[in-house]
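Letter by letter, the chains look like this.
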Amino acid sequence: MLEMIQELYPICRSLTGDGVRETLAILGRSIELEIHEVPTGTPVFDWTVPREWNIRDAWIKNSSGDKIVDFGASNLHVVGYSAPVEAKLSLEELSEHLYSLPEQPDRIPYRTSYYEERWGFCLAHADRMRLEPGEYEVCVDSVLKDGHLTYGECFLPGDEEGEYIIHTHVCHPSMCNDNLSGIAVAARLAEELAAQPRRSSYRFLFVPGTIGAITWLALNEDRLSDVRGGLVISGVGDVGQLTYKRSRSGSGPVDRAAEAALAAWPGGVEVEAFSPYGYDERQYGSPGIDLAVGRLSRTPWGTYPEYHTSADDLDFISAESLADSLAACRAIVRVLETDRTYRNLQPMGEPQLGRRGLYRSLGGDGGKDAELALLWVLNLSDGSVCLTDIAARSGLPFGTVADAAERLYEADLLEEVTRG
Amino acid sequence: MLEMIQELYPICRSLTGDGVRETLAILGRSIELEIHEVPTGTPVFDWTVPREWNIRDAWIKNSSGDKIVDFGASNLHVVGYSAPVEAKLSLEELSEHLYSLPEQPDRIPYRTSYYEERWGFCLAHADRMRLEPGEYEVCVDSVLKDGHLTYGECFLPGDEEGEYIIHTHVCHPSMCNDNLSGIAVAARLAEELAAQPRRSSYRFLFVPGTIGAITWLALNEDRLSDVRGGLVISGVGDVGQLTYKRSRSGSGPVDRAAEAALAAWPGGVEVEAFSPYGYDERQYGSPGIDLAVGRLSRTPWGTYPEYHTSADDLDFISAESLADSLAACRAIVRVLETDRTYRNLQPMGEPQLGRRGLYRSLGGDGGKDAELALLWVLNLSDGSVCLTDIAARSGLPFGTVADAAERLYEADLLEEVTRG
Amino acid sequence: MLEMIQELYPICRSLTGDGVRETLAILGRSIELEIHEVPTGTPVFDWTVPREWNIRDAWIKNSSGDKIVDFGASNLHVVGYSAPVEAKLSLEELSEHLYSLPEQPDRIPYRTSYYEERWGFCLAHADRMRLEPGEYEVCVDSVLKDGHLTYGECFLPGDEEGEYIIHTHVCHPSMCNDNLSGIAVAARLAEELAAQPRRSSYRFLFVPGTIGAITWLALNEDRLSDVRGGLVISGVGDVGQLTYKRSRSGSGPVDRAAEAALAAWPGGVEVEAFSPYGYDERQYGSPGIDLAVGRLSRTPWGTYPEYHTSADDLDFISAESLADSLAACRAIVRVLETDRTYRNLQPMGEPQLGRRGLYRSLGGDGGKDAELALLWVLNLSDGSVCLTDIAARSGLPFGTVADAAERLYEADLLEEVTRG
């Protein structure tokens, strides 16, 4: 995953434009990615697909003609969606178009202006402080015109009805944790899932933030009834602890799967309540959509100083964290694939497990987890309680509970009622 | 409010009688108060309006003819509703009619005997201990006969259906916190509310405790379906912390308004559960009435040593506490007037707030409370969640949430469904 | 109860056989016990009544002909349900049939093999370590053949519909806490209850563990709808704290009664959640039966080292603990007999209690528990809240609440709606 991130890092992505296309093309090498191009002006719910933005170059020169800010050095230097400009200005006039972080003077901030036309440059505050009065020449060689919004979709069909959405945003330029980490983990998860049998379907969406989610939802409104929930993956490369953010309802299949899968995760997992801000879980969790989509991150966005700055670079992420995040996604999917609701077919008293070889035949020496799990599954499986709920109520690991259910099912003591 | 209390302090109030009339007449100078006179013998639910009690004088003289207890010095000296008596008794006989507080030897207790005919005197225990054996002469020059129960009502109509009851008791003689404080704060609140536009109606009741509430309820049974809840105001002048006692259901509009209004109140607010004792919230909270009426007090009744003694005097209350209590009432009413349930008219994904000038247009620099509030209101406003609940779930101040709703409503993003 | 336990202690009980019959015969001296004999082979839900097991003698002799393990010394020496055997074996061969506790080298463990035919001996690990290589002679003089499963039932009819099951297991050989303590306490409770008027019926079951409960349930399936709940009594003789284990629903009449009765129990009571293992509460709590049957124990099974060993002897239990456990049972039954749901007949405001002599007539001196209880019962008795719930919500002792309800009922202020 680190290699993919290294390859994607230099590309200047934005809401729309060739940077996104280039990024999706690289993903398309390892997964089957359907590329969608949605024309500018397409109405999507309350929004309209914006004009497409592309940029060739941008710089600020001082009166000596030296390039003091250069898009070539970092694509963060230009405010995303900056309108084209060629002008000479005084420092005072220029200042209204400059963005810097006084508290982090060596870092370039990340800024965009998608829905109001303007232009601007971002630079390290230390560099900004060094600017002397005088005339400056600015150039933004960008194109903002009708075109398309581009997104990628990888659909992996399953044996049963119902699908889960795995969502990640692809609109951020050269920043690694936000969100090349999410892109890499989602792509690798898709690659793995494509190679294995699946009961559920999984739809991987690589889309620009906000407008991309809204566009997909608007164009697929008739498909939403088949969505059982989903997971937004973003900011999963830093060395912090894992964080699972619950969906709006807090009790969808992915919520239960995440809590079951991550209950005893090494290093711990912070579980936080839903809130209607953050990443695109807020679109899935809007009241008219109301899909139970949670989010997996490591350190929450906005709480680390590198967030949305040039310091979110290749050094900020680690291969171990990426691998750990992928493992967590894999564990969540495993629970989604396994969680079922069963009905006990011998519900009058306990069935005789010993006769079926499911239980120690020599009484009197206490119980063990595997046997407790058999009893819990039998006791709670009245056709309305799923395995994740049984794990939560019993305090037993989900895997132990699922193994017990499997053994009981094979012994014809359970029938499957529905998915978890 | 302190001036009003100073004027009301000397008056000898009781369940019925001229003291209540005189008190209501003083209130009537600043608010439009309708005076009701309910005849003795009127059946009110399980009760009957009692005889009216008035008293001119009362004293105990020792064998030397010195007045050792004198109603003229404090109206607490006489047990409320004492029957008339003129008699000579030994100290032993007299003692059966004396009440004092051994643990607070310098204070006169407050006692009543409304529903059993007797007579008695209250005095400081220190004075009682000084009584020597011998003959005493007692006089209670009272009249207990058919008359009326008197109460005052100030109704402030609002633009919409539904009213709130603001209730305070007027039956206590010369004690300031219990309940001249409640009378003064309720009267001032009525005066303020009368001068401003109102969505809801407010009915201020100045009534004797227990029998007054029951009388009003019995005579207005057909009106109760229009009552959305209410607030009992009592004991709001001492320097202790504010206390809000929840209504029987614990989740009525006034409960939500009080918790929203007082969430970050300077000095803090103690919130206590409903219990069927205390002041007249117990009548409103009886199972056949079941109106969601809470109570605002400062230090809870019965937990301060000055309670129901002569030490609950003008020195025991403070102008600052009265002002703070009034401010709390005002804040609760403001929430009642503002709390609404809305429906998001653009519920599919987030609406584009930037286009409407509701959101910073420059992305990437984190959120602020006002913007979070916009998102919370949009996310939870599915037509079933009111603003106080949104404030509680989001952890944002009610005012911020209400401002957000106002802005969204003006931008045609919300429609009003019902009151909170 | 200690005397009864001393008498029962030497008897070799098992799932079936004469030891159980002898035990029930002794119980039958003090209570009216109906003895049921269910033939081997009777299908009971998923199980079949097993063959009957009886044993005369069993021993191991060393090569010198000395009995080194002797059933006559302790019936724990033989694995319960051991098949008959007469054989000579090497130490190595013998070892596969020996059970001991390395961590408790002086104690004989308790082992059974009900549902797989085998034979075996239990012995102190210290003794086992002393066995030298050589030839051993073993004898188990047992009979395992078609016969009966025996259980005892004592039904005490009440005045109203509905019964409670009091259940205890009688299948354990010479161990005192598990479960002669349960047998003795249940028998004494039955004796006491038989001598007093009862609103509810009580059915005492003295049955072998698991198969006994299942047998009774299978043979009485048509009667289960009349069962309102029940209590398993086991392990109630040790000196540890009382433990109440909730039924599967956690909110049945016995759960509420136990929590009300034991709320302020001297020494404290640990309340634990339901789990589908332990004693026969797991059969009552199976999903097809789902009767709200809790369990009363002292130190929970399996958590004390003496559990299922020869150290669970007459010294391990105490008369005080047995008496305390009986008192707890008695208290629970008292609540079951008393708990009712009432409807307040004067629900509009508070009724005038003073007029009925139910309330101090002299106002102004604060409340007491008995009066608070009157107010709580009146306030919550809307025909849906029972006295145990009123006790829980008010924080008042159940007895105080029940006394208040009794006084209000006698004053025609309540009507009885249903049992608690």
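Residue indices begin from 1 for each chain and proceed along its sequence in written order. The lettering of chains begins at A and the numbering of ligands begins at 1, in the order of writing. It should be noted that, the model being predicted, local features are given only for residues of pLDDT at least 70 and side-chain atom pairs only at 80 or more, the latter also being counted only at that level, while totals for whole chains, interfaces and linings use all residues. Excluded from the side-chain calculation are hydrogens and water; included are all heavy atoms of the structure.

Novice: Pulling in residues and values, what's your account of the overall build of chain A?
Specialist: In terms of helices and strands, chain A carries 12 helices and 19 strands. When its C-alpha atoms are laid out on the principal axes, chain A stretches across 90 × 40 × 35 Å. The classification of residues rests on relative accessible area computed with a 1.4 Å probe and restricted to protein chains. Under 20% of the type maximum is buried, over 50% is exposed, and intermediate values are partly exposed. Counting across all 420 residues of chain A, residues that qualify as buried make up 61%. We call two residues in contact when some of their heavy atoms are within 4.5 Å. Once local pairs closer than 6 in sequence are excluded, the contacts in chain A between residues at least 24 apart make up 80%. Neither His nor the chain termini are counted; the positive set is Lys and Arg, and the negative set is Asp and Glu. Positions of charges follow a simple convention, taking NZ of Lys, CZ of Arg, CG of Asp or CD of Glu. Of the charged side chains in chain A, 38 are positive and 65 negative, and the gap between their average positions amounts to 4 Å. Helical segments are the DSSP runs of H or I of at least four residues, strand segments are the runs of E of at least two, and each set is numbered from the N terminus.

Novice: Hey, could you go over the interface of chain A and chain C for me, with residue numbers and the actual values?
Specialist: Taken together, the 24 residues of chain A in the interface contact 27 residues of chain C. Buried area between chain A and chain C, summed over both chains or domains, comes out near 2300 Å², and the portion from carbon and sulfur atoms is 51%. We define a salt bridge as a side-chain nitrogen of Lys or Arg found within 4 Å of a carboxyl oxygen belonging to Asp or Glu. Joining chain A to chain C, the criterion identifies three salt bridges. Across the side of chain A that touches chain C, the residue classes tally to 10 nonpolar, eight polar and six charged. By convention, the term buried area covers the 1.4 Å-probe accessible surface removed from two parts as they join, with the contributions of both added. Classes in brief: Ala, Val, Leu, Ile, Met, Phe, Trp, Tyr, Cys and Pro nonpolar; Asp, Glu, Lys and Arg charged; the others, Gly included, polar.

Novice: Which residues make up the environment of Val227(B), and what are the values?
Specialist: Residues and elements named next belong to chain B. Within the secondary structure, Val 227 sits in strand S13 (residues 227–233). Taking the relative accessible area as the measure of exposure, Val 227 reaches 8% and is therefore buried. Along the primary structure Val 227 and Tyr 164 are separated by 63 residues, whereas in three dimensions their C-alpha atoms are 5.8 Å apart. Setting aside chain neighbours within four positions, we find Val 227 in contact with Glu 163, Ile 165 and Leu 291.

Novice: Got a sec to walk through the relation of the copies chain A and chain C? Specific residues and values, please.
Specialist: In this comparison the copies share one frame, found by least squares on the C-alpha atoms of residues holding pLDDT of at least 70 in both. Mapping chain A onto chain C calls for a screw motion: a turn of 120° about the axis and a shift of 0.0 Å along it, with 0.1 Å RMSD after fitting. Both copies of the chain, as the preceding transformation shows, are related through a three-fold rotation axis. Within chain A, Ser251(A) has its C-alpha nearest the rotation axis, a separation of 14 Å.

Novice: Just give me the short version of unusual backbone geometry, but keep the residues and values in it.
Specialist: Look at the link from Asp178(A) to Asn179(A): it is a cis peptide, with omega at 15°. Look at Thr210(B): it is not a glycine, yet its phi comes out positive at around 60°. Along the chain, the position of Thr210(B) falls in the loop between strand S12 (201–207) and helix H6 (211–219).

Novice: Give a description of the interface of chain B and chain A that names residues and reports values.
Specialist: With 24 residues of chain B at the interface, the matching set in chain A holds 27 residues. Note on chain B versus chain A: buried area summed over both sides is about 2300 Å², and carbon and sulfur give 52% of it. Of the charged contacts in the structure, one is a salt bridge between Arg282(A) and Glu350(B), with a shortest N-O distance of 2.3 Å. Contacts described as polar in this section are N or O atom pairs within 3.5 Å, which, within protein, must combine one atom able to donate a hydrogen with one able to accept it, while residues neighboring in sequence count only if both atoms come from side chains. At the boundary of chain B with chain A, the tally comes to 12 residue pairs in polar contact (both at pLDDT 80 or more). Counting residues per element, the side of chain B that touches chain A draws most heavily on helix H10 (residues 369–380) of chain B, which supplies six residues.

Novice: Mind laying out the packing of H10(B) against helix H11 (residues 387–394) of chain B, listing which residues take part and the relevant values?
Specialist: Axis angle and axis distance: for two packed helices, these are the angle between their axes and the distance between the axes, and together they describe the pair. Residues and elements named next belong to chain B. Axes here mean lines fitted to C-alpha atoms, for a helix over just the part in contact, with angles spanning 0 to 180 degrees between N-to-C directions. Across the interface, H10 lies against H11 with an axial gap of 10 Å and an inter-helix angle of 120°. With respect to their mutual orientation, H10 and H11 come out oblique. As H10 packs across H11, the resulting crossing turns out to be right-handed. Here Trp 376, Val 377 and Leu 380 of H10 come into contact with H11, specifically with Ile 390, Arg 393 and Ser 394. Taken together, the residues that form the contact of H10 with H11 break down as four nonpolar, one polar and one charged. Any angle that is under 35 degrees is reported as roughly parallel, and any over 145 degrees as roughly antiparallel; angles of 65 to 115 degrees are reported as roughly perpendicular and all others as oblique. Handedness of a helix crossing follows the sense of rotation of the near helix relative to the far helix, less than a right angle counterclockwise being left-handed and clockwise being right-handed.

Novice: Please provide a residue-by-residue account of helix H12 (residues 398–410) of chain C, values included.
Specialist: All names here are of chain C. Helix length check: H12, at 13 residues, gives a terminal C-alpha distance of 18 Å against a target of 18 Å (1.5 Å per residue), a fit within 8%. Those residues of H12 lying buried are Phe 398, Val 401, Ala 402, Ala 404, Ala 405 and Leu 408. The buried residues of H12 all sit within an arc of 160° when viewed along its axis, so they share a single face. Looking at the buried positions of H12, the neighbouring elements they touch are helix H7 (253–261), helix H9 (319–338), strand S17 (340–344), helix H10 (369–380), helix H11 (387–394) and strand S19 (414–419). Once H12 ends, the next one or two residues include Asp 412, with phi positive near 60°. One less than the number of residues in a helix, times 1.5 Å, gives the span that helix is expected to have. Along the arc lie the directions from the helix axis toward the C-beta atoms.

Novice: Give a detailed account of the sheet that holds strand S4 (residues 52–61) of chain B, specifying residues and quantitative values.
Specialist: Residue and element names in this part refer to chain B. The antiparallel open sheet is built from four strands, whose spatial order is S5-S4-S9-S6. The outermost strands of the open sheet, each flanked by one partner alone, are strand S5 (67–70) and strand S6 (85–90). Pairwise comparison of adjacent strand axes, ignoring direction, gives a mean angle of 20° for this sheet. Pairing geometry for S4 and strand S9 (residues 135–145), over nine bridges, is antiparallel. For Ala 58, the partnering residue across the bridge sits in S9 and is Val 140. Strand pairing follows a simple DSSP-based rule, namely that at least 2 bridges must link the two strands.

Novice: Quick one: what's the story with the packing of aromatic side chains, residue by residue and with numbers?
Specialist: Residue and element names in this part refer to chain B. Only Phe, Tyr and Trp rings are paired, with Trp represented by its six-membered ring, and only when their centres lie within 6.5 Å; those with planes under 30 degrees apart are stacked, over 60 edge-to-face, the remainder tilted. For the structure on display, the rule yields 33 aromatic pairs over all chains. Here Tyr 279 and Trp 301 contribute two aromatic rings whose centre-to-centre distance is 6.4 Å and whose plane-to-plane angle is 75°, an arrangement assigned as edge-to-face. Separated by 22 residues along the polypeptide, Tyr 279 in the loop between strand S15 (269–272) and helix H8 (281–284) and Trp 301 in the loop between strand S16 (293–297) and helix H9 (319–338) bring together distant segments of the chain. Aromatic side chains Tyr 304 and Tyr 307 sit 5.7 Å apart centroid to centroid with 85° between the ring planes, which places their arrangement in the edge-to-face category. Tyr 307 gets classed as buried once you look at its relative accessible area, which sits at 15%.

Novice: Help me get a handle on the environment of Leu24(C), residues and values and all.
Specialist: All names here are of chain C. Within the secondary structure, Leu 24 sits in helix H2 (residues 18–27). Measuring from C-alpha to C-alpha, the distance between Leu 24 and Ile 183 comes to 9.7 Å, with 159 residues separating the pair along the chain. The residues touching Leu 24, leaving out its near neighbours within four places in the chain, are Leu 33, Ile 35, Thr 150, Tyr 151, Gly 152 and Phe 206.

Novice: Tell me about the sheet that holds S12(B), and please be specific about residues and values.
Specialist: All names here are of chain B. In spatial order, the strands read S1-S10-S12-S11-S13-S16-S14-S15; together these eight strands make up an open sheet with mixed pairing. In the strand order of this sheet, the two ends are held by strand S1 (34–39) and S15, each with one partner. Within the sheet, the average angular offset between the axes of one strand and its neighbour, ignoring direction, is 20°. Here helix H7 (residues 253–261) sits on the sheet in contact with strand S11 (163–169), S13, strand S14 (242–245) and S15, set at roughly 50° to S13.

Novice: Could you give an account of H10(C), with specific residues and numbers?
Specialist: For H10(C), spanning 12 residues, the distance from its first C-alpha to its last is 16 Å, which sits close to the expected 16 Å at 1.5 Å a residue. Most of H10(C) sits out of view: 10 of its 12 residues are buried. Taken as a whole, H10(C) has its buried residues at Glu371(C), Leu372(C), Ala373(C), Leu374(C), Leu375(C), Trp376(C), Val377(C), Leu378(C), Asn379(C) and Leu380(C). Its buried side turned inward, H10(C) meets H8 of chain B together with S17, strand S18 (382–386), H11, H12 and S19 of chain C.

Novice: Explain the pattern of salt bridges to me, and be specific about the residues and the numbers.
Specialist: All names here are of chain A. One pass over the full model with this rule turns up 82 salt bridges over all chains. Between Lys 245 and Glu 281 there is a salt bridge; the shortest N-O distance is 2.9 Å. Placement of Lys 245 in strand S14 (residues 242–245) and of Glu 281 in helix H8 (residues 281–284) is noted, with a sequence separation of 36 residues between them. Exposure remark for Lys 245: the relative accessible area of 1% places this residue in the buried category. Of the charged contacts, one joins Arg 295 and Glu 272 as a salt bridge, the two residues approaching to 3.9 Å between their closest N and O atoms. Taken together, the residues Arg 295 in strand S16 (residues 293–297) and Glu 272 in strand S15 (residues 269–272) connect sequence positions 23 residues apart.

Novice: Can you lay out the side chain of Asp280(B) for me, pointing to particular residues and giving the numbers?
Specialist: Residues and elements named next belong to chain B. When you line up the elements, Asp 280 lands in the loop between S15 and H8. Of the side chains with opposite charge, Arg 282 comes closest to the buried, unpaired Asp 280, at an N-O distance of 6.1 Å. A distance of 2.9 Å separates polar atoms of two side chains, one belonging to Asp 280 and the other to His 167.

Novice: Tell me about the pairing of strand S5 (residues 67–70) of chain A, residues and numbers included.
Specialist: Note: strand S4 (residues 52–61) of chain A against S5(A), three bridges, orientation antiparallel. When the bridges of S5(A) are listed, Trp59(A) appears paired with Asp70(A).

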